[in-house]
Amino acid sequence: MKIFKYISLYNDFLNSLDIGLFASGGEAWGLPEFHTVGLGKHAVVLNAHGYKGWATEENSVLFDPNGKKECYDGAFFHKGRPFNQGNLFTFSDDDFVNACEKAVKRYESNPINEEGKKLQEKFSCKRMTDSILKIIES
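Reading the values: rules and limits
Residues numbered from 1 in each chain as written. Predicted model: local features only at pLDDT ≥ 70, side-chain atom pairs only at ≥ 80, totals over all residues. Heavy atoms only, no water. Helix = DSSP H or I, 4+ residues; strand = E, 2+ residues; numbered from the N terminus. Buried < 20%, exposed > 50% of the residue type's maximum accessible area, 1.4 Å probe, protein only. Lys, Arg positive; Asp, Glu negative; His and termini not counted. Salt bridge = Lys/Arg side-chain N within 4 Å of Asp/Glu carboxyl O. Polar contact = N/O pair within 3.5 Å; in protein donor to acceptor, adjacent residues only side chain to side chain. Contact = heavy atoms within 4.5 Å. Phe/Tyr/Trp six-rings, centres within 6.5 Å; stacked < 30°, edge-to-face > 60°. Core = buried A, V, L, I, M, F, W, Y, C linked by side-chain atoms within 4.5 Å. Patch = residues over 30% accessible without salt bridge, like charges linked within 9 Å, V, L, I, M, F, W, Y side chains within 5 Å. Areas by Shrake-Rupley, 256 points an atom, 1.4 Å probe, with all protein chains shown as cover. Charge placed at Lys NZ, Arg CZ, Asp CG, Glu CD. Pairing = 2+ DSSP bridges. Axes fitted to C-alpha atoms, helices over the stretch in contact; angles between N-to-C directions.

**Q** Is there a simple way to think about the environment of Val-97 in this case?
**A** Assignment of secondary structure puts Val-97 in helix H3 (residues 93–109). Look at Val-97 and you get partly exposed, because its relative accessible area is 39%. Each C-alpha atom of the pair Val-97 and Asn-66 lies 14 Å from the other, and the pair is 31 residues apart in sequence.

Structure representation (structure tokens):
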């Protein structure tokens, strides 16, 4: 099937990285970013939004935002709603470059991000299923 070709290309792309640079100011979870770190690749990650659900000082080089802007598009982001508030985080170029340099040192120390690979255990299908069943049973 053609879909498997694209999955294979996506997997090849993620595995071609040594260090992923993930500085999106408005990402939710960041599946490509999450997958990359889970594969054992090193990463520079903006310490904001949904990235905080999985990116830690141990598995990523985090750098902090220095502010945020509101952005509302009238389609997905509406002012005053409990979700999708359209926050776009900003960061300093110097902080980003410093984080990149730190990530290079981590990579040179060990090309495999062992802490990143632990995401495979923490976010496994079994754990997800167990969590769902626990909620259903209560």
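**Q** Is there a simple way to think about the side chain of Glu-33 in this case?
**A** Mapped onto the elements, Glu-33 comes out in helix H2 (residues 31–38). Buried and unpaired, Glu-33 has no salt bridge, with Lys-41 as the nearest side chain of opposite charge at 16 Å. Within polar-contact distance, the side chain of Glu-33 engages the side chain of Tyr-51 at 2.6 Å. When neighbours within four sequence positions are excluded, Glu-33 is seen to be in contact with Phe-22, Glu-27, Tyr-51 and Trp-54.

**Q** So what exactly am I meant to see when it comes to the packing of aromatic side chains here?
**A** When we look at a pair of aromatic rings, we describe it by the centre distance and by the angle of the planes. Counted by the stated rule, this structure contains eight aromatic pairs. Aromatic pair Trp-29 and Phe-123: ring centres 5.6 Å apart, planes at 75 degrees, arrangement edge-to-face. Here Trp-29 is found in the loop between strand E1 (19–22) and H2, whereas its partner Phe-123 is found in the loop between helix H5 (119–122) and helix H6 (125–137), with 94 residues between them in sequence.

**Q** Would you mind going over the nonpolar core with me for this structure?
**A** A general tendency of soluble globular proteins is for nonpolar side chains to be buried together. Within the largest apolar cluster, 19 residues are counted, with the highest numbers of intra-cluster contacts made by Val-44, Val-45, Tyr-51, Trp-54 and Phe-63. Of all the elements in the fold, those that place two or more residues in this core are H2, strand E2 (42–46), strand E3 (61–63) and H3. In contact with Tyr-51, other than residues within four places in its own chain, are Phe-22, Ser-24, Glu-27, Ala-28, Trp-29, Gly-30, Glu-33, Val-45 and Leu-46.

**Q** What exactly am I supposed to notice about a negative patch on the surface here?
**A** A cluster of acidic residues, Glu-57, Glu-58, Asp-64, Asp-93, Asp-94 and Asp-95, forms a negative patch at the surface. Assignment of secondary structure puts Asp-94 in helix H3. Overall, the relative accessible area of 57% leaves Asp-94 in the exposed class.

**Q** What should I look at first to understand the sheet that holds E3 in this one?
**A** The strands making up a sheet associate through hydrogen bonds between their backbones, and the pairing can be parallel or antiparallel. Read from one edge to the other, the open sheet built from three strands follows the order E1-E2-E3, with strand pairing classed as parallel. Sheet topology places E1 and E3 at the edges, where each strand pairs with a single neighbour. With direction set aside, neighbouring strand axes in the sheet form an average angle of 15 degrees. Looking at chain direction, E1 and E2 are connected through four bridges and run parallel. Looking at the pairing, Phe-22 lines up with Val-45 of E2. Its contacts with the sheet place H3 against E1, E2 and E3, and it is angled at close to 170 degrees to E3.

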